[in-house]
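Residues per chain are reported as follows:
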Amino acid sequence: MFLLPLTVLFNFATAQSYTPYPADTTQVFSYVEQMPALPTGGGNQALVKAIQKLVKMPAEVLEGRTEGHVVVRVVVGVSGVPRQAAVVKSLSPACDGAALDAVRRMPRLVPGRYAGQPVPVLLSVPVVFLSPRHVYAAAEVTRPAQFPGGEAALEQYLQKNRATPAEVKLRDLKGHVAVRFVIKSDGRIGASEVVTPLCPSCDEEALRLVRSLPRWQPALGYDDQPVAVYQTLNIYFQPPAPQGGTAPPVPEHQVYTRVAQMPTLPGRNDPAAIQTALQESIIYPERATNGNGQVSFVVEPDGRVTRPIMLKSISRPTDEAVLAAALRLPRFEPGRHNGQPVAVRLVVPVVVEIR
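Residues numbered from 1 in each chain as written. Predicted model: local features only at pLDDT ≥ 70, side-chain atom pairs only at ≥ 80, totals over all residues. Heavy atoms only, no water.

**Student:** Hey, could you run me through the overall build of the chain in this one?
**Tutor:** A count of helices and strands for the chain gives 9 helices and 15 strands. Looking at the chain residue by residue over its 355 residues, the buried ones come to 45%. Considering only contacts in the chain between residues 6 or more positions apart, those separated by 24 or more positions represent 76%. Of the accessible surface of the chain, which amounts to about 18,200 Å², a share of 52% is contributed by carbon and sulfur atoms. (Helix = DSSP H or I, 4+ residues; strand = E, 2+ residues; numbered from the N terminus. Buried < 20%, exposed > 50% of the residue type's maximum accessible area, 1.4 Å probe, protein only. Contact = heavy atoms within 4.5 Å. Areas by Shrake-Rupley, 256 points an atom, 1.4 Å probe, with all protein chains shown as cover.)

**Student:** Even after reading the chapter, I still don't get the state of the cysteines, so can you show me in this structure?
**Tutor:** For the structure on display, the rule yields 1 disulfide. Between the sulfur atoms of C199 and its disulfide partner C202 the distance amounts to 2.3 Å. Between C199 and C202, the S-S dihedral sits near 80 degrees, and the bridge is therefore right-handed. In this structure, C199 and C202 share a single accessibility class: buried. (Disulfide = S-S within 2.5 Å.)

**Student:** Would you mind showing me how to read the nonpolar core here?
**Tutor:** L158, F181, L213, W216 and I235 are the most contacted members of the largest nonpolar core, which totals 31 residues. At the level of elements, α5 (151–161), β7 (175–183), α7 (200–211) and β10 (226–237) are the ones that each hand at least two residues to this core. Apart from the residues lying within four places of it in its own chain, the contact partners of L158 are L209, L213, L233 and I235. Counting 27 residues, the second-largest nonpolar core is a separate cluster that includes V55, V76, L100 and V125. (Core = buried A, V, L, I, M, F, W, Y, C linked by side-chain atoms within 4.5 Å.)

**Student:** Please clarify how the sheet that holds strand β1 (residues 68–76) should be interpreted in this entry.
**Tutor:** Sheet strands pair by backbone hydrogen bonding; their relative direction is either parallel or antiparallel. Strand order across the open sheet formed by 3 strands is β2-β1-β5, with antiparallel pairing between neighbours. Taken across any chain shown, the strands that pair with only one partner, and hence form the sheet edges, are β2 (82–89) and β5 (121–129). Each adjacent strand pair in this sheet contributes to an overall mean axis angle of 30 degrees, direction not counted. Across 5 bridges, β1 lies against β2 in antiparallel orientation. Its bridge partner lying in β2, R73 is registered against A86. (Pairing = 2+ DSSP bridges. Axes fitted to C-alpha atoms, helices over the stretch in contact; angles between N-to-C directions.)

**Student:** When you look at the environment of P317 in this model, what are you seeing that I'm missing?
**Tutor:** Positionally, P317 belongs in helix α9 (residues 316–328). Classification of P317 by relative accessible area gives buried; the value is 15%. Residues P317 and T289, 28 residues apart in the sequence, show an inter-C-alpha distance of 8.1 Å. Not counting residues up to four positions away in its chain, the partners in contact with P317 are P285 and R287.

**Student:** Looking at this model, I keep getting lost on helix α4 (residues 93–104). Mind explaining?
**Tutor:** Since the α-helix packs 3.6 residues into each turn, any two residues three or four apart lie on the same face. With 12 residues, α4 ought to run about 16 Å at 1.5 Å a step, and its terminal C-alpha atoms sit 17 Å apart, in line with that. Those residues of α4 that sit buried are C95, D96, A98, A99, L100, A102 and V103. On its buried face, α4 is in contact with α2 (43–52), α3 (59–62), β1, β2 and β5. (Expected span 1.5 Å × (residues − 1).)

**Student:** Help me understand the packing of aromatic side chains in this model?
**Tutor:** Pairs of aromatic rings are described using the distance from one ring centre to the other and the angle between the two planes. What the rule picks out here adds up to 5 aromatic pairs. A ring pair is formed by F29 and Y114, whose centres lie 6.1 Å apart and whose planes are at 25 degrees; its orientation type is stacked. Taken together, the residues F29 in the loop between α1 (12–16) and α2 and Y114 in strand β3 (residues 112–114) connect sequence positions 85 residues apart. We classify F29 as buried; its relative accessible area is 1%. Counting every residue linked through ring pairs, the aromatic cluster contains F147, Y157, F181 and W216. (Phe/Tyr/Trp six-rings, centres within 6.5 Å; stacked < 30°, edge-to-face > 60°.)

**Student:** Looking at this structure, how should I read helix α8 (residues 273–281)?
**Tutor:** Inspection of α8 places A273, I274, A277, L278 and S281 among the buried residues, and these make up the whole buried set. Each buried residue of α8 lies within a common arc of 130 degrees when the element is viewed along its axis, so the set occupies one face. Taken together, the buried residues of α8 touch β12 (291–299), α9 and β15 (340–352). (Arc of directions from axis to C-beta.)

**Student:** Would you mind going over the side chain of Q52 with me for this structure?
**Tutor:** With respect to the secondary-structure elements, Q52 resides in helix α2. Filtering out sequence-adjacent residues up to four positions away, Q52 remains in contact with M57, P126, V127, V128, Y222 and D223.

**Student:** Is there a simple way to think about unusual backbone geometry in this case?
**Tutor:** At Q84, a residue that is not glycine, the phi angle is positive and equals roughly 60 degrees. Secondary-structure assignment places Q84 in strand β2. The backbone of N338 shows a phi angle near 55 degrees, a positive value even though the residue is not glycine. Position of N338 among the secondary structure elements: in the loop between β14 (335–337) and β15.

Read these as layout, nothing more, since geometry by itself doesn't imply function.
As structure tokens, then:
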């Protein structure tokens, strides 16, 4: 994982025995009640970003021959000036040197404080080295890529432009094709591949649909610059509705996010019922990781759950387990608009705590 938090080492015994000193040459602490920070604030992440912007990338990184991170340990004195910077996790001589140079040139900080007095504090700072061609995972960016107009606009685009292959009707297929693709740093669609197939013609149509997507607002990396990122979309297919009969009260592409009567699970009307049912349905894979995420899915007018997507990723294996659990949820009492059942997209938090 390349996007790392700024870390510190905690030494409570040392902090308890502290007596304030006026100079930078005194006892050094690894944790205090008020840690060193930029004058503009923003916490640890802002400090890491500020240092990252000072990094001069070596040729071996720019050419894609080296990637990774260096950890530099540095003392921030009572004056806020960094000193005694040293590499504690090496990547290469060139990267180590660039990391040390960036940390030494970071702006003067607001010093750390203990018992209201400025004290020297030891920080461990991660410095990231990634080539311009690096493609980030969803969990490695500070802002995800966004479709123009947001999630609802993406859903409408897929509904409007998706063609239903003849094979879907002939075989009465119902399901989805998962397509993993790259959103480049300029927002254009890059390489794409099917990771969950349905049928050959369905897979081809899903790839065509993804490759024809308009430009996205690109993701932002650790230094707040646009970066390429992996994205996964589920493209759903089902046989067309029978001809004739009464037209549905709401067009098929209309998906609501809020209606007067929201979808509920039968017999479970408490606010946390849907999250509880989802958590109980998750079958965790061996590579599942702990974390907090968000899953979104559509409750159709007939109560079925369709079109799940991860709004906040945890990890790829865990995300897949959550998406599968959403499709296993029991049939809902559908949402209603003007008394008529309609499709409603829900957003449900996910908390993974594997012990």
